[in-house]
Amino acid sequence: MNTNASNPDDRLVASWDANALAWTTAVREQRIPSRRAGTDAAILNACARSRAGTVLDLGCGEGWLARALADAGRRVLGIDASAALIAQARAHDVSDGRACYETISYERLIADVTSAAGPFDLIVGNFALLGDPLVPLLQALALRLAPAGQLLIQTVHPVVAVGEGAYANGWREETFQGFGVPFPSTMPWYFRTLGSWIAELNAAGLFVTAIEEPMHPDSGRPLSLLLHCEAGT
């Protein structure tokens, strides 16, 4: 991929290689407050309710979710654009072949139907859909779903993530403050309103069948937005 330092999507991809070690430490040492408070449990519980035998873990990072699903008996392919994170996932894997990991960019997923071809009973994007445009990637995912397959998307809750800014689509900057370890690079990410999420999924031929809003056990505020999606017929 030709990287452009001024392009947010290119910076987003580059940030994951730069931050691979810091991210791995933060995840494996459970230093991220929102994950401890409930987002990890939310995605695991949602996956457990699926009868999926084959799973695509999109943007798998250092592989924690793929490992958990493999431990539960699923066959999992974890993909990520960051070779550094895939190396961490492979080094930590003890699933005896139930999970495997490949360095595959979202651009390649869109352009090459033979990459991570599936079909998959379940595709999970756990805080992994951070760029723009989104519809081409969603269309590529829809093509990889098995009949009656499901797409699960957990993302930041727009009502909470908007902060003091305008409730409008646009690029934001993640500084990773409060993650317990220093991160070498900030990360651009694309904020979407709830209406935009629904519209882009529909444009890709995917439809939301359920919405969950995991809540912080103390504050009662949403920790995340969890969308259950299926392909249209």
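None of the values given here were measured: they were computed from a predicted structure. (Residues numbered from 1 in each chain as written. Predicted model: local features only at pLDDT ≥ 70, side-chain atom pairs only at ≥ 80, totals over all residues. Heavy atoms only, no water.)

S.K.: Could you clarify how one ought to interpret the overall build of the chain in this entry?
M.R.: Along the chain, the regular secondary structure elements total nine helices and nine strands. For the chain, the C-alpha radius of gyration of 17 Å lies close to 17 Å, the compact-globule estimate for 233 residues. Along the first, second and third principal axes, the C-alpha set of the chain runs to 45 × 40 × 40 Å. Counting all 233 residues of the chain, 46% fall into the buried class. Taking the intrachain contacts of the chain between residues at least 6 apart in sequence as the baseline, contacts between residues at least 24 apart amount to 66%. When the accessible surface of the chain is summed, it comes to about 10,800 Å², and 53% of that surface belongs to carbon and sulfur atoms. Put simply, the chain has 17 plus and 24 minus side-chain charges, and the middle of one group is 4 Å from the middle of the other. (Helix = DSSP H or I, 4+ residues; strand = E, 2+ residues; numbered from the N terminus. Rg over C-alpha atoms; globule rule 2.2 N^0.38 Å. Buried < 20%, exposed > 50% of the residue type's maximum accessible area, 1.4 Å probe, protein only. Contact = heavy atoms within 4.5 Å. Areas by Shrake-Rupley, 256 points an atom, 1.4 Å probe, with all protein chains shown as cover. Lys, Arg positive; Asp, Glu negative; His and termini not counted. Charge placed at Lys NZ, Arg CZ, Asp CG, Glu CD.)

S.K.: Would you explain the sheet that holds strand S9 (residues 225-231) in this entry?
M.R.: Neighbouring strands of a sheet are bound in pairs by backbone hydrogen bonds; such pairs are parallel or else antiparallel. The seven strands lie next to each other as S3-S2-S1-S4-S5-S9-S8, forming an open sheet whose pairing is mixed. Strands at the two margins of the open sheet, each flanked by one partner only, are strand S3 (99-103) and strand S8 (206-212). Strand-to-strand, the axes of this sheet are offset by a mean angle of 20°, without reference to chain direction. Pairing geometry for strand S1 (residues 54-58) and strand S4 (residues 120-126), over four bridges, is parallel. Its bridge partner lying in S4, Val55 is registered against Leu122. (Pairing = 2+ DSSP bridges. Axes fitted to C-alpha atoms, helices over the stretch in contact; angles between N-to-C directions.)

S.K.: Help me understand the environment of Leu225 in this model?
M.R.: Structurally, Leu225 can be placed in strand S9. Its relative accessible area of 2% is what places Leu225 among the buried residues. Linking Leu225 and Gln154, residues 71 residues apart in sequence, is a C-alpha distance of 5.7 Å. Contacts of Leu225, omitting those with residues within four sequence positions, involve Ile153, Gln154, Thr155, Val156, His157, Pro158, Leu194, Trp197, Ile211, Glu212 and Glu213.

S.K.: I'm lost on the nonpolar core in this one. Help?
M.R.: The nonpolar side chains of a soluble globular protein tend to be buried, and buried together. Membership of the largest hydrophobic core comes to 39 residues, with the highest contact counts inside it found for Trp23, Ile43 and Phe183. Contributing elements (two or more residues each) for this core: helix H1 (8-18), helix H2 (20-28), helix H3 (33-48), helix H4 (64-71), helix H5 (83-92), S3, S4 and strand S7 (187-191). Contact partners of Phe183, with chain neighbours within four places excluded, come to Asn19, Ala22, Trp23, Ala26 and Phe176. (Core = buried A, V, L, I, M, F, W, Y, C linked by side-chain atoms within 4.5 Å.)

S.K.: Any chance you could explain the side chain of Ser115 here in plain terms?
M.R.: For Ser115, the position within the fold is in the loop between helix H6 (106-111) and S4. Residues in contact with Ser115, not counting those within four places in the same chain, are Ile104, Arg108, Leu109 and Arg144.

S.K.: What is the right way to look at a nonpolar patch on the surface in this model?
M.R.: Side chains of Val159, Tyr167, Leu194 and Ile211 sit close together on the surface and give an oily, nonpolar patch of about 360 Å² of accessible area. Mapped onto the secondary structure, Leu194 falls in helix H9 (residues 194-203). (Patch = residues over 30% accessible without salt bridge, like charges linked within 9 Å, V, L, I, M, F, W, Y side chains within 5 Å. Salt bridge = Lys/Arg side-chain N within 4 Å of Asp/Glu carboxyl O.)

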